[in-house]
Amino acid sequence: MTGVDRVKPIEPGLRRTVRKLFRFMLAVGAVALLWVGFIQWRMATLPDEKLPPHDVGIVLGAALWQTTPSPALKERLDRAVELYQAGVIPHIIVSGGYDYVDSLLTEAEGMRNYLVEKGVPSASIYLENEARSTLQNMLFSQKIMQDHGWTSAVIVTHRYHAVRALDMARFLGYESPSVSPMDSSVLTMAWHKSRETLAFTKWQWDKMRSVFGYRPFT
């Protein structure tokens, strides 16, 4: 053959395979978009309503700056103070272990100190010093509740985080758990909502695997 070789046409079987693969990818993309939209809708519509009295509030930990709660953690703690002063919660569990190996305080200790500075009596605050994840927050705080005979709890955290925390509480057998979510004026919400979407998706996967014996508690 002289000149440029002729390009072979795509075989009909290969063409059909490519079309099927393309349609499959479109379907997967559509499902993913619907799932992300559903999670974002859950975050946006979680109500922040007036709560009746509960036995205890559970403040979920976040970063300490040395020994001081970060601005985002202060938002959670300030909400807990509001609930305490309003008589909604007579007791507060602060939940969170060490941020880093060389941390001076656990998250719970830093939170306790802040609450005391805000006027909450130390005797009303209970420390959960071990948790390193949201699931551990809920699991270890549940043990404190059981030790004190408390049955009703208000979970205190940001709105983007509250959907997963509430779902975990129900999974663990909390008795009609409530949540007091708040928006943030200090966090970059696009980043945190995106990250939480992945975390919520992983949690749903872990729940499904738990049916077959997987233990997601560590």
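Up top is the structure these notes are about.
Along each chain, residues carry numbers from 1 onward, in the same order as the chain's sequence is written. The model is predicted, so local features are restricted to residues of pLDDT at least 70 and side-chain atom pairs to those at 80 or more, both for listing and for counting; the totals for chains, interfaces and linings are taken over all residues. Heavy atoms throughout the structure, all of them, feed into the side-chain values; hydrogens and water do not.

Novice: Lay out the pattern of salt bridges in plain terms, naming residues and giving numbers.
Specialist: Pairs may arise between side chains of opposite charge once their charged atoms sit close together. Take a side-chain nitrogen of Lys or Arg and a carboxyl oxygen of Asp or Glu: if they are within 4 Å of each other, that pair is a salt bridge. Summed over all chains, the structure comprises 8 salt bridges. Put simply, aspartate 147 and lysine 143 hold a salt bridge, and the shortest N to O gap is 3.0 Å. Remark: lysine 143 and aspartate 147 occur in helix 4 (residues 134-148); sequence separation between them is 4 residues, near one turn of the helix. Among the ionic pairs, glutamate 196 bridges to arginine 164, the shortest N-O distance being 2.6 Å. Linking glutamate 196 in helix 6 (residues 189-210) with arginine 164 in helix 5 (residues 159-171), this pair joins segments that are 32 residues apart in sequence. Each of Asp48, Arg79 and Glu82 takes part in a single network of salt bridges with overlapping partners. Helix and strand labels come from DSSP, where a helix needs a run of H or I of at least four residues and a strand needs a run of E of at least two; each type is numbered from the N terminus.

Novice: Describe the packing of helix 5 against helix 6, with residues and values.
Specialist: Where helices are involved, their axes are fitted lines through C-alpha atoms of the stretch in contact, as for all axes, and angles between N-to-C directions lie from 0 to 180°. For the pair helix 5 and helix 6, the least separation of the axes is 8 Å and the interaxial angle reads 15°. The angle between the axes of helix 5 and helix 6 places the two elements in the roughly parallel class. Our pair here, helix 5 against helix 6, has a crossing hand that is left-handed. Between helix 5, through Tyr160, His161, Val163, Arg164, Asp167, Met168 and Phe171, and helix 6, the contact on the second element is made entirely by Met189, His192, Lys193, Glu196, Ala199, Phe200, Trp203, Gln204, Lys207 and Ser210. In terms of residue class, the contact of helix 5 with helix 6 is built from 8 nonpolar, 4 polar and 5 charged. Note on angle classes: values under 35 degrees are labelled roughly parallel, values over 145 roughly antiparallel, values of 65 to 115 roughly perpendicular, and the remainder oblique. It is the rotation of the near helix from the far one that decides the hand of a crossing: anticlockwise by less than a right angle makes it left-handed, clockwise makes it right-handed. Residue contacts are counted whenever heavy atoms from the two residues lie within 4.5 Å of one another. Gly falls in the polar group here, along with every residue not listed as nonpolar (Ala, Val, Leu, Ile, Met, Phe, Trp, Tyr, Cys, Pro) or charged (Asp, Glu, Lys, Arg).

Novice: I'd like a rundown of the sheet that holds strand 6 (residues 153-158), residues and numbers included.
Specialist: Think of it this way: DSSP has to see at least two bridges between two strands before they count as a pair. Spatial strand order, 5-4-1-6-7: 5 strands in an open sheet with parallel pairing. Edge positions in the open sheet fall to strand 5 (125-128) and strand 7 (178-182), since each of these has one partner strand only. Adjacent strand axes in the sheet meet at a mean angle of 25° when their direction is disregarded. With 4 bridges connecting them, strand 4 (residues 92-95) and strand 5 associate as parallel partners. Following the sheet pairing, isoleucine 92 is matched in strand 5 by isoleucine 125. Across the sheet, helix 2 (residues 71-85) touches strand 1 (56-60), strand 4, strand 6 and strand 7, and the angle it forms with strand 6 is around 150°.

Novice: Quick rundown of the environment of valine 156? Include the residues and the values.
Specialist: Note that valine 156 resides in strand 6. Those residues in contact with valine 156 that lie beyond four places of it in its chain are Ile58, Val59, Leu60, Arg76, Arg79, Ala80, Leu83, Ser180 and Met182.

Novice: So, the pairing of strand 6: which residues are in play, and what are the values?
Specialist: The rule is simple: take the accessible area with a 1.4 Å probe, protein chains only, and divide by the maximum for that residue type; under 20% is buried, over 50% is exposed, in between is partly exposed. Most of strand 6 sits out of view: 6 of its 6 residues are buried. Bridge analysis of strand 1 against strand 6 gives 4 bridges, and the strand direction is parallel. The partner of valine 56 across the bridge, within strand 6, is alanine 153. In this sheet, strand 7 lies alongside strand 6 in parallel orientation, the contact comprising 5 bridges. Looking across to strand 7, one finds that valine 156 is bridged to serine 180.

Novice: Give me the lowdown on the packing of aromatic side chains, citing residues and values where you can.
Specialist: Two aromatic rings from Phe, Tyr or Trp, using only the six-membered ring of Trp, form a pair when their centres are within 6.5 Å; if the ring planes differ by under 30 degrees the pair is stacked, by over 60 it is edge-to-face, and anything between is tilted. Counting across every chain of the model gives 5 aromatic pairs. Joined through ring pairs, the aromatic side chains of Trp35, Phe38, Trp41 and Phe200 make up one cluster.

Novice: Residue-level account of helix 5, with values.
Specialist: Expected span of a helix, by definition, is 1.5 Å for each gap between consecutive residues, and there is one gap fewer than residues. Here helix 5 is 13 residues long and its end C-alpha atoms lie 19 Å apart, about the 18 Å a rise of 1.5 Å per residue gives. Burial runs high along helix 5: 11 of the 13 residues are buried. Every buried residue belonging to helix 5 is among Arg159, Tyr160, His161, Ala162, Val163, Arg164, Ala165, Leu166, Asp167, Met168 and Ala169, and all of these are buried. Immediately beyond the C-terminal end of helix 5, within one or two residues, lies glycine 173, with a positive phi of roughly 95°.

Remember that the coordinates give geometry; whether it matters functionally is a separate question.
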